[in-house]
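Residue strings, one per chain:
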Amino acid sequence: MADPTPWIVAEDTGDVRKHAPATLRNREAIAAVLEDVLPIRGLVLEVASGSGEHCGYFAQLLCGHDWQPSDPDASARESIAAWTAGLANVRPPLAIDAAAPDWPIDAADAGLCINMVHISPWAATLGLLAGVARVLPRQGPLILYGPYRRAGVETAPSNEAFDQSLRARDPAWGLRSVEQVTEAADAQGLHLDRLIEMPANNLILVYRKG
């Protein structure tokens, strides 16, 4: 996995949309899992939506769901709004800091978080798990996507290099282990339901509220 590329403003310099190159590489594979894992209908809360490209793509493909994007960064929320403009099943982005004890949303049918756990302090993951546990119904899924370590499974050299580059940028960042995340999730009543291997040495972890 290559070192993360900073968001770049779309070619039109007057466009507030940001572009994360990884979204074009992984969105189809993630969407295929979402089609299988998400409830038939309902509200999907995406935490740390970033540029908003994923949300816009999923909302068009999985149009039977309502989508609630969010991000703590104001410029990201502008980008999300731009990428999802005109989509009737996407709500305006919320300002959600995953680590915050209170979120401006009371309920959702599913939670989604892509590529946040390793590019944020551990407190953000703990907050994500606690927050999702507050808003999900019983058996509601939380879907996490990204690179992880696994006990007894050799970490790919590309992921090791990625981990080193992340820690060089911020010592609080870095790849987490499936076991570490699952232990924290269990403490919030979220239990690992499925582990799905994805392209480019990534994983999807599906937790369900007990």
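Everything that follows concerns the structure shown earlier in this document.
For clarity, every value in this text was computed on a predicted model and none was experimentally measured. (Residues numbered from 1 in each chain as written. Predicted model: local features only at pLDDT ≥ 70, side-chain atom pairs only at ≥ 80, totals over all residues. Heavy atoms only, no water.)

> It is not clear to me how the pairing of strand β4 (residues 65–68) should be interpreted in this structure. Could you clarify?
Looking along a regular strand, one sees the side chains alternate between the two faces of the sheet. In terms of strand pairing, strand β3 (residues 42–47) meets β4 through 4 bridges, oriented parallel. Bridging across to β4, Leu-45 finds its partner in Gln-68. With helix α2 (residues 53–61) bridging β3 and its parallel neighbour β4, the resulting β-α-β unit is right-handed. (Pairing = 2+ DSSP bridges. Helix = DSSP H or I, 4+ residues; strand = E, 2+ residues; numbered from the N terminus. Right-handed = clockwise from strand over helix to strand, strands pointing away.)

> Is there a simple way to explain the pairing of strand β6 (residues 141–146) in this structure?
Extensive coverage of β6 is indicated by the burial of 6 of its 6 residues. The side-chain alternation of β6 yields two buried faces, one formed by Pro-141, Ile-143 and Tyr-145 and the other by Leu-142, Leu-144 and Gly-146. In this structure, strand β5 (residues 110–114) lies alongside β6, joined through 4 bridges in parallel fashion. Paired with Gly-111 across the two strands is Leu-142, which belongs to β6. In this region the chain leaves β5, passes through helix α4 (residues 122–135) and returns to the parallel neighbour β6; the handedness of that crossover is right-handed. Pairing of β6 with strand β8 (residues 202–209) involves 6 bridges; the strand directions are antiparallel. (Buried < 20%, exposed > 50% of the residue type's maximum accessible area, 1.4 Å probe, protein only.)

> Could you clarify how one ought to interpret helix α6 (residues 178–187) in this entry?
Each α-helix turn comprises 3.6 residues. Residues three or four places apart therefore point the same way. Where α6 is concerned, the buried positions are Val-178, Val-181, Thr-182, Ala-184 and Ala-185. Each buried residue of α6 sits inside an arc of 165° when the element is viewed along its axis, so together they form one side. Facing away from the buried side of α6, by more than 90 degrees, are the exposed residues Glu-183 and Ala-187. Lining the buried residues of α6 we find α4, β6, β7 (190–198) and β8. (Arc of directions from axis to C-beta. Contact = heavy atoms within 4.5 Å.)

> Can you walk me through the pattern of salt bridges in this structure?
A side chain with one charge may pair with a side chain of the opposite charge, provided their charged atoms come close. Scanning all chains against the criterion turns up 6 salt bridges. Taking the shortest distance from any N to any O, the salt bridge between Arg-149 and Asp-163 comes out at 3.1 Å. With Arg-149 in the loop between β6 and α5 (157–169) and Asp-163 in helix α5, this pair connects stretches of sequence that are 14 residues apart. The class of Arg-149 is partly exposed, set by a relative accessible area of 23%. Here Asp-163 falls in the buried class, since its relative accessible area comes to 5%. With a closest N to O distance of 3.1 Å, Arg-150 and Glu-197 form a salt bridge. Residue Arg-150 is located in the loop between β6 and α5, and its partner Glu-197 is located in strand β7; the two are separated by 47 residues in the primary sequence. According to the relative accessible area criterion, Arg-150 is partly exposed, its value standing at 23%. Ionic contacts of the salt-bridge type, sharing partners, join the residues Arg-149, Glu-160, Asp-163 and Arg-167 into one network. (Salt bridge = Lys/Arg side-chain N within 4 Å of Asp/Glu carboxyl O.)

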